[in-house]
Amino acid sequence: VYLTPEQRQEALVLFKSLNLAEEIIRGGERGARALEGRIREKISLESQGVIDYVEVRDANDLSEITEITGPVIVALAVKFGTTRLIDNKVVEAGHYV
């Protein structure tokens, strides 16, 4: 209700970005910063949203990681106009959690 029709359409990039993160991890990427960069790039290229954060964290304790060795949470927050949208997805290398 707080987004314009155009912003609603662009906001779908959050869902798409989280699915891309899962694909990239399943494809073998283990660098957390590299994954964050790919997600930032997708959001920037496909929307006018302003990224607040894109982070890959340990899914068990939310600690910062540099290498993906187990389940992770991919979390993001993006602002569309005055509305800040947040979303996340838990992913483990090899399978979805």
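This is a predicted model, so every value here is computed, not measured.

Procedures and definitions
Along each chain, numbering runs from 1 in the same order as the chain's sequence is written. Thresholds applied to this predicted model are a pLDDT of at least 70 for local features of residues and 80 or more for the giving and counting of side-chain atom pairs; totals over whole chains, interfaces and linings are not thresholded and use all residues. Side-chain calculation: all heavy atoms of the structure are included, whereas hydrogens and water are not. Helix and strand labels come from DSSP, where a helix needs a run of H or I of at least four residues and a strand needs a run of E of at least two; each type is numbered from the N terminus. Atoms counted for the radius of gyration: C-alpha only. Globule rule: 2.2 Å times the number of residues to the power 0.38. Buried, partly exposed and exposed residues are distinguished by accessible area as a fraction of the type maximum, computed with a 1.4 Å probe on protein chains only: under 20%, between the cut-offs, and over 50%, respectively. Contacts between residues were defined by any pair of non-hydrogen atoms, one from each residue, lying within 4.5 Å. Only four residue types enter the charge count: Lys and Arg as positive, Asp and Glu as negative, with His and the chain ends excluded. In plain terms, the charge of a residue is placed at NZ if it is Lys, CZ if Arg, CG if Asp and CD if Glu. As a rule, the C-alpha atoms of each element are fitted with a line to give its axis, helices using only the stretch in contact, and angles between N-to-C directions run from 0 to 180 degrees. To sort the angles, those under 35 degrees are grouped as roughly parallel, those over 145 as roughly antiparallel, those from 65 to 115 as roughly perpendicular, and the leftovers as oblique. What makes a crossing left-handed is the near helix being turned counterclockwise from the far one by less than a right angle; a clockwise turn instead makes it right-handed. When residues are grouped by polarity, Ala, Val, Leu, Ile, Met, Phe, Trp, Tyr, Cys and Pro land in nonpolar, Asp, Glu, Lys and Arg in charged, and all others, Gly among them, in polar. Multiply 1.5 Å by the residue count of a helix minus one, and that product is the helix's expected span. When a carboxyl oxygen of Asp or Glu lies within 4 Å of a side-chain nitrogen of Lys or Arg, that pair is called a salt bridge.

A. How the structure looks around the overall build of the chain. For the chain, the helix and strand inventory stands at 2 helices and 4 strands. Helices and strands appear in the chain in the N-to-C order α-α-β-β-β-β. In summary, the chain has a C-alpha radius of gyration of 13 Å against a globular reference of 13 Å for 97 residues, a match within 12%. Expressed along its principal axes, the backbone C-alpha trace of the chain runs to roughly 40 × 25 × 20 Å. Scored against the burial criterion, the 97 residues of the chain give a buried share of 39%. Put simply, 51% of the contacts in the chain that link residues at least 6 apart link residues at least 24 apart. Considering the chain, the positive charge centre built from 12 side chains and the negative charge centre built from 16 side chains are found 4 Å apart.

B. The arrangement of the packing of helix α1 (residues 5–26) against helix α2 (residues 32–46) in detail. Taken N-terminus to C-terminus, the directions of α1 and α2 make an angle of 150°; their axes are 9 Å apart at the nearest point. The pairing of α1 with α2 is recorded here as roughly antiparallel in orientation. Remark: the crossing between α1 and α2 carries right-handed chirality. Counted together, E10, V13, K16, S17, L20, A21, I24 and I25 of α1 and L35, R38, I39, K42, I43 and E46 of α2 form the full contact between these two elements. Across the contact of α1 with α2, the residue classes tally to 8 nonpolar, 1 polar and 5 charged.

C. Region of the structure containing α1. Its 22 residues give α1 an end-to-end C-alpha distance of 33 Å, which sits within 8% of 32 Å, the value for a rise of 1.5 Å per residue. Two residues or fewer after α1 comes G28, characterised by a positive phi angle close to 115°.

D. A look at the side chain of S17. Residue placement: S17 occurs in helix α1. When its relative accessible area of 0% is taken as the criterion, S17 is described as buried.

E. Geometry of the pattern of salt bridges. Applying the stated criterion to the full structure yields 6 salt bridges. As a salt-bridge pair, E46 and K42 come within 2.6 Å of each other at their nearest N and O atoms. Residue E46 and its partner K42 are both found in helix α2; the two are separated by 4 residues, about one turn of the helix. K42 gets classed as buried once you look at its relative accessible area, which sits at 18%. Here the salt bridges do not stand alone but share partners, grouping E22, R26 and K89 into one network.

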